Amino acid sequence: MTALAESPLSSWLCFTVRETSDGRIYAIAPGDAHVGNPLIKALHGGIVSTFLEIAAHHELHGALPPDGDSEAININVDYLKSAKLAPLFARARIAKIGRRLAFVDCIAWQESEDNPVAKAACSFCLVKSAATSLAGVPPAPRENPGGAFFHSTDGDS
Amino acid sequence: MIGTVPKPISTPPVSSNWTGVMETFFSGSHHLFAALRMKPTKVDADGVSVIATIPEVFSQAATGNLAHRGAYTIILDTFFGFAVFARLQTPKAIATINLRTEYLRPVEIGERIICTAECHALDEPVARVRGEIVDYDGRPLASATGAFMIGSSGPDFPAFDREAFAR
C-alpha cells in the first residue's frame, strides 16, 4: 500500500507505518491545521477518526491477496480522552476477514500505549480489485434525471 | 446522579446572529474549517444546515479525484458540535464521546455538499446528534449519529461571546 502512504491525504497528515516485531505501528505528526479546538489545542475528532480508518485500511490490505481491495462500510469511533497536538500512534487488529466482509479494530495513543486516546471499529466490504471497486468509479449519474415518466423506451420498439 | 431530580435546562434568549457567529467561526483563522469552506444556511435549536466543500487535502492517489471518506467524519464532527451549540443556545465547552458514520457514497474533491444535523436528545451532560450529508442532487453520501459531552474540561468558546458578535 505504498500508494496510500504517498497520497496527498497521507502526506497532509504525515502518516507513517513502522514494522516492528510486534506488528505495525501507525503514526501521524499533526500540526496546527489538524486542531479542532484551538482553545485547548486538541486534535479534531475527524482527524483522529480519519487516521484510525487509514490505519485499519492499511492493516487489512497487509492481509488481503494482491488483487484484493476493500471499501469502508462504516466506522464507529470512541473518543476516550482529548488528543493533544502531539504525535498520535495507533495499532490495528483484524477481528475477522470473511469472504465478503472484514472487521478491523484500532486503538490510538499518545504518550503511552497503556493510556489510549481513541478506539475505532471499522467494517469493510471486500472487492476483487481497485478496478471493480466503488472507490474507482465516480458517483453514478441519477437514474432518471427527468423523472420516471421520461425514461427512455428505445428498447421497446 | 441516580436519584437526583434533573435540573431544568435554562434557555437563554435566542441570539439573532447565530448564523453569523457560526460563519465567523468557520471562516476565521481556523485552518481546518477554512479549508472546508463551510457556509451555514440554518442555525436553529431544532437543527443546523451547512454547505461545505470537500477540500483538496482529502485526495488519494489510488482513487483518482475521489476523496477519502475521512472527509465526511471531519465535516460531521464539526457541524454536529454546532448542532449541540444551537440546541443549547450557548457555546459551552463540548467534547465528542463517539461518532458512528455510515459511508453511503463516495464524493469527489471540490464537490459541494449539504450537511444537516439535529441535536435530538439533550440529557445533560450528554447530547445526542444525528444527521446526514447529501449532494446537490439530494443523493445521500453519509449518515451519522454522535454523542457529545457538555461541559467538558476545556474552557467555553469566547469566540462565541454574543455581545462581541452583536457589535
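Structure first, text after, so check above.
Values in this document were obtained by computation on a predicted structure and should not be read as measured data.

S.K.: Just to check I follow, could you spell out helix α3 (residues 70-88) of chain B for this structure?
M.R.: Three or four residues apart is the spacing at which side chains of an α-helix point the same way, because the helix has 3.6 residues per turn. All names here are of chain B. Its 19 residues give α3 an end-to-end C-alpha distance of 27 Å, which sits within 8% of 27 Å, the value for a rise of 1.5 Å per residue. The element α3 is largely enclosed, with a buried count of 18 among its 19 residues. In the stretch just after α3, Gln-89 is the one whose phi turns positive, near 60 degrees.

S.K.: Just checking my understanding: could you explain the sheet that holds strand β3 (residues 94-103) of chain B for this structure?
M.R.: The 12 strands are arranged β1(A)-β2(A)-β6(A)-β7(A)-β8(A)-β5(A)-β3(B)-β6(B)-β5(B)-β4(B)-β2(B)-β1(B) in an open sheet whose pairing can be described as antiparallel. Of all strands in the sheet, those with a lone pairing partner are β1 (16-20) of chain A together with β1 (39-44) of chain B, marking the two edges. On average, each strand axis in the sheet is inclined to that of its neighbour by 20 degrees, with strand direction left out of account. With five bridges joining them, strand β5 (residues 69-79) of chain A and β3 of chain B adopt antiparallel strand pairing. Each bridged residue has a counterpart across the sheet, and for Asn-76 of chain A the counterpart in β3 of chain B is Arg-100 of chain B. Helix α3 (residues 45-63) of chain A contacts β1, β2 (23-28), β5, β6 (88-97), β7 (101-109) and β8 (116-127) of chain A together with β3 of chain B of the sheet and is inclined by roughly 140 degrees relative to β5 of chain A.

S.K.: Looking at this model, I keep getting lost on the pairing of β1 of chain A. Mind explaining?
M.R.: Remember that side chains alternate between the two faces of the sheet whenever the strand is regular. Residues and elements named next belong to chain A. Inspection of the sheet shows β1 paired to β2 by five bridges, in the antiparallel sense. Across the sheet, residue Thr-16 finds its bridge partner in β2, namely Ala-27. Between the end of β1 and the start of β2, which pair antiparallel, lie two residues.

S.K.: I tried to follow the nonpolar core on my own but got confused; where do I start?
M.R.: Generally speaking, a soluble globular protein has its nonpolar side chains buried in company with each other. Among the nonpolar cores identified, the biggest contains 75 residues, and Leu-52 of chain A together with Ile-75, Phe-79, Phe-80, Ile-113 and Ile-133 of chain B are the most heavily contacted of them. Of the residues forming this core, the biggest block, 13 residues, is contributed by α3 of chain B. Look past the residues within four positions of Ile-113 of chain B in its chain and what remains in contact with it is Val-50, Ile-51, Ala-52, Ile-54, Ile-75, Val-107, Ile-133, Val-134, Tyr-136 and Leu-141 of chain B.

Cut-offs and rules
Residues numbered from 1 in each chain as written. Chains lettered and ligands numbered in written order. Predicted model: local features only at pLDDT ≥ 70, side-chain atom pairs only at ≥ 80, totals over all residues. Heavy atoms only, no water. Helix = DSSP H or I, 4+ residues; strand = E, 2+ residues; numbered from the N terminus. Expected span 1.5 Å × (residues − 1). Buried < 20%, exposed > 50% of the residue type's maximum accessible area, 1.4 Å probe, protein only. Pairing = 2+ DSSP bridges. Axes fitted to C-alpha atoms, helices over the stretch in contact; angles between N-to-C directions. Contact = heavy atoms within 4.5 Å. Core = buried A, V, L, I, M, F, W, Y, C linked by side-chain atoms within 4.5 Å.

By themselves these figures say nothing about function.
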